[in-house]
Amino acid sequence: MALTDTIHTQAPPTLKAIIGGLIAVAAIAVPFLLDGFQVFQATQVLVLAIAIMGLNLLTGFSGQFSLGHGAFFAAGAYVTAFFLTDGSFPYVGAVLIGGVVCFILGLAFGFPALKLDGIYLALATFSLAVAMPQILKLSILTEWTGGVGGLVLMKPEAPQGIPLDADQWLYFVVLAFAAVLYCLVTGLISGRTGRAFLAVKDNPLAAEAMGIRVTNVKVLAFGYSAMITGVAGGLSALVTAYVAPDSFTLFLSVNILVGLVVGGVGFIPGAIIGAIFVHFMPTAADSVYQGLQGVIYGIVLIAIMLLAPKGIGGLFRR
Amino acid sequence: MHSAKRIESSPLLSVKDVCVAFGGLNALRDISFDLHRGEILGLIGPNGAGKTTLFNCLSRLYSPKSGEIRLLGENLLAFRRDQIAGRGIGRTFQNIACFGSMTVRQNILTGCHSHMRSSSLAQALRLPSALAEERRFREEIEEVIEWLDLRKDAERLVDDLPFGTRKRVEFARALAMRPKIILLDEPAAGLNHEEVMALGDLIRRTRDERGITVLLVEHHMSLVMSVSDRVVVLNFGEKIAEGAPAQIQKDPEVIRAYLGGHAA
Ligand SMILES: Nc1ncnc2c1ncn2[C@@H]1O[C@H](COP(=O)(O)OP(=O)(O)OP(=O)(O)O)[C@@H](O)[C@H]1O
Ligand SMILES: [Mg+2]
């Protein structure tokens, strides 16, 4: 099967509602059951899941590859951090501005990407990811980016009267973003635009004959995808209260892609599974046998591809 | 039998002196014919005659080197490919071109794309207007699903369906485009005898019950001759005959073209 094959879940609506309810309860309970550092980790997993969801919209639906989504993640993080260095700007607003900037960057990148297909597009986005840390270090941009040292921002605190510590509060902020974005993405893909994305992926000529303007649809998919991943970047800046060029290396882009494939390409809820894998697997591999963690990671990844060729999310398809 | 010939003075579609060349190969040379409202026009010719090329000109996939194509007087060549659906031309493809990763219902809904208006933002936000529009079109296509007997497969992925069913999905998708004209490129290819009979019936009913004008490319002679009001014959990119089926079947040049090594 191709990487861009889309997964359709065929669970009955009641089962879906029950599963959804259980996940919601579990997600709300998490920060009360875990200790501070674990809550911090859970928040990071959610951030990564949002980034993966952004890539999924691009690859799983419109059929375009990106090995460079870390660059949009970085852009979102830096824009957010830039607005929050003095602590007077509302942080939700800063994250949203980061998303809008990434939407524009995504459109801007989507246009040249129209000329490239499959593996060539993967390479072009790859170069974006390679270039990003260096761009962020450029001396002429230091005034905005903080250069090699990056930017430090204020970690948001829970509003007065809400008995949550900063980590718990941030968890809920990120959870709210994840939930809203999930609703927006599922709304988008279940309607006319979602079908246009899939049509362009499956058969661009037939799509045009149906009245779909393929170029616009591809560029729009890039814009929305970059926006979602950019919001994830902005949230990551809030969570770590710090952005630096070397947090956004090529490895981040690869992680987002691995998370997408493990969770299931074209399966939106798979993002959380992929994020958990990408976040915890290196440490888990390390605890199994130190010194061979890379080998173990690789073997597990290959095993998943063999046992669940449509990603772990694909197993939920009956 | 099919007395419903409602030929009017001004044609619905008029093709005039269309030439298409691929490098040195003249795929179409000075092709002219009219398609009248309510007509079923058969377009036949041996392999490589240029039938699909002509369809691709109507869909704007290919641009003629010279010539004119007018739909109700409007210059079709001035439009982009994606604007053709909105002008009222629906089509199927010689090699099935369904959207494989979608369900049958989603495929057919995609045919409604050019009639739907809600923006991507409205859909993401699930605005009532977008939801209402989606519901309206979902109801509309139920009739098409029923008409083509696709009810039991409606929620299945097209990739999982047999060839004959996929052809019906493509037909349904073209009908969902609410076309004035439907272009069918070898709809009978790969179908068994009963399926071909059912198809002939379907094509007639498409015209009679839905008022859609049909341009039919087909190698299956008995099908073309039984459903068409008129037939246009192409050979090596040239029009060699045009007329009623009975007349075409007796035309010596047509017989020669078909005996020239490319028996249908
Ligand atoms: N895109 C293209 N590039 C080059 N040559 C082409 C192209 N499309 C069609 N041709 C050539 O134009 C000629 C007409 O092809 P076309 O597909 O229109 O024939 P057809 O009448 O549909 O034949 P068939 O019955 O086999 O489908 C053929 O010689 C074909 O090889
Ligand atoms: Mg052909």
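Note on numbering: residues in each chain are counted from 1, in written sequence order. Chains carry letters and ligands carry numbers; both start at the beginning, A for chains and 1 for ligands, and go up in the order they are written. Whole-chain, interface and lining totals are the exception, using all residues; otherwise, since this is a predicted model, local features are given only for residues with pLDDT of at least 70 and side-chain atom pairs are given and counted only at 80 or more. Hydrogens and water molecules were not included; the side-chain quantities draw on all heavy atoms of the structure.

So, the packing of aromatic side chains
All names here are of chain A.
Item 1. Here the aromatic set is Phe, Tyr and Trp, taking the six-membered ring for Trp, and pairing holds for ring centres within 6.5 Å; pairs whose planes are under 30 degrees apart are stacked, those over 60 apart are edge-to-face, and all others are tilted. Overall, the coordinates contain 12 aromatic pairs over all chains when judged by the stated rule.
Item 2. Their ring planes at 55° and their centres at 6.1 Å tell us that Phe73 and Phe248 sit as a pair that is tilted. Here Phe248 lies in the loop between β2 (242–243) and α11 (250–263) and Phe73 lies in helix α3 (residues 69–84), a separation of 175 residues in the sequence. There is no split in this pair, since Phe73 and Phe248 are both buried. We count a stretch as a helix when DSSP gives it H or I for four or more residues in a row; a strand needs E for two or more, and each element gets its number in order from the N terminus. Burial classification: accessible surface area is computed with a 1.4 Å probe over protein chains only, and a residue below 20% of its type maximum counts as buried, one above 50% as exposed, and the rest as partly exposed.

Quick look at the site of ligand 1
Residue and element names in this part refer to chain B.
Item 1. Whether a residue is near a molecule or strand depends on its heavy atoms: it is near if one of them lies within 4 Å of it. Within the structure, ligand 1 sits among 14 residues, and Lys51, Thr52, Thr53, Gln94 and His219 are positioned closest to it.
Item 2. Here a polar contact is recorded for every N or O atom pair within 3.5 Å, except that within protein the pair must consist of a potential hydrogen donor and a potential acceptor, and residues adjacent in sequence are included only if both atoms are side-chain atoms. Here Gln94 contributes a side-chain N or O atom positioned 2.8 Å from an oxygen atom of ligand 1.
Item 3. Between an oxygen atom of ligand 1 and a side-chain N or O atom of Glu186, the distance comes to 3.3 Å.
Item 4. Those elements that provide at least two residues to the shell around ligand 1 are β2 (25–35) and α1 (51–58).
Item 5. Among the elements that take part in the shell around ligand 1, α1 stands out by supplying three residues, more than any other.

Focus: the sheet that holds strand β7 (residues 181–185) of chain B
Residues and elements named next belong to chain B.
Item 1. Spatial ordering of the open sheet is given by β6-β7-β8-β3-β9-β10, a layout of six strands whose pairing is mixed. Since the sheet does not close on itself, it has two edges, and those belong to β6 (89–91) and β10 (238–243), each with one partner. Across the sheet, the mean angle separating the axes of adjacent strands is 20° when strand polarity is ignored.
Item 2. In what follows, residue pairs with any heavy atoms lying within 4.5 Å of each other are defined as contacts. Angles shown run from 0 to 180 degrees and are taken between the N-to-C directions of axes, each axis being a line fitted to C-alpha atoms and, for helices, limited to the stretch in contact. Here helix α6 (residues 163–176) sits on the sheet and contacts β6 and β7; the angle it forms with β7, its principal contact strand, is near 160°.
Item 3. In this fold helix α10 (residues 252–259) packs onto β3 (40–44), β9 (230–235) and β10, with an angle of close to 130° to the strand it touches most, β10. Pairing between strands is defined by DSSP: at least two bridges between the two strands are required.

A short note on the nonpolar core
Item 1. Remark: nonpolar core denotes a set of buried residues (Ala, Val, Leu, Ile, Met, Phe, Trp, Tyr, Cys) joined through side-chain atoms within 4.5 Å. In this structure, A:Ile50, A:Leu235 and A:Phe248 are the most contacted members of the largest nonpolar core, which totals 102 residues.
Item 2. Here this core gets 16 residues from one element, more than from any other, and that element is helix α2 (residues 36–61) of chain A.
Item 3. Among residues more than four places away in sequence, those in contact with A:Leu235 are A:Val47, A:Ile50, A:Val95, A:Val174 and A:Phe177.
Item 4. Core analysis: the second largest hydrophobic core is formed by 36 residues, B:Ile40, B:Ile145, B:Val158 and B:Leu184 among them.

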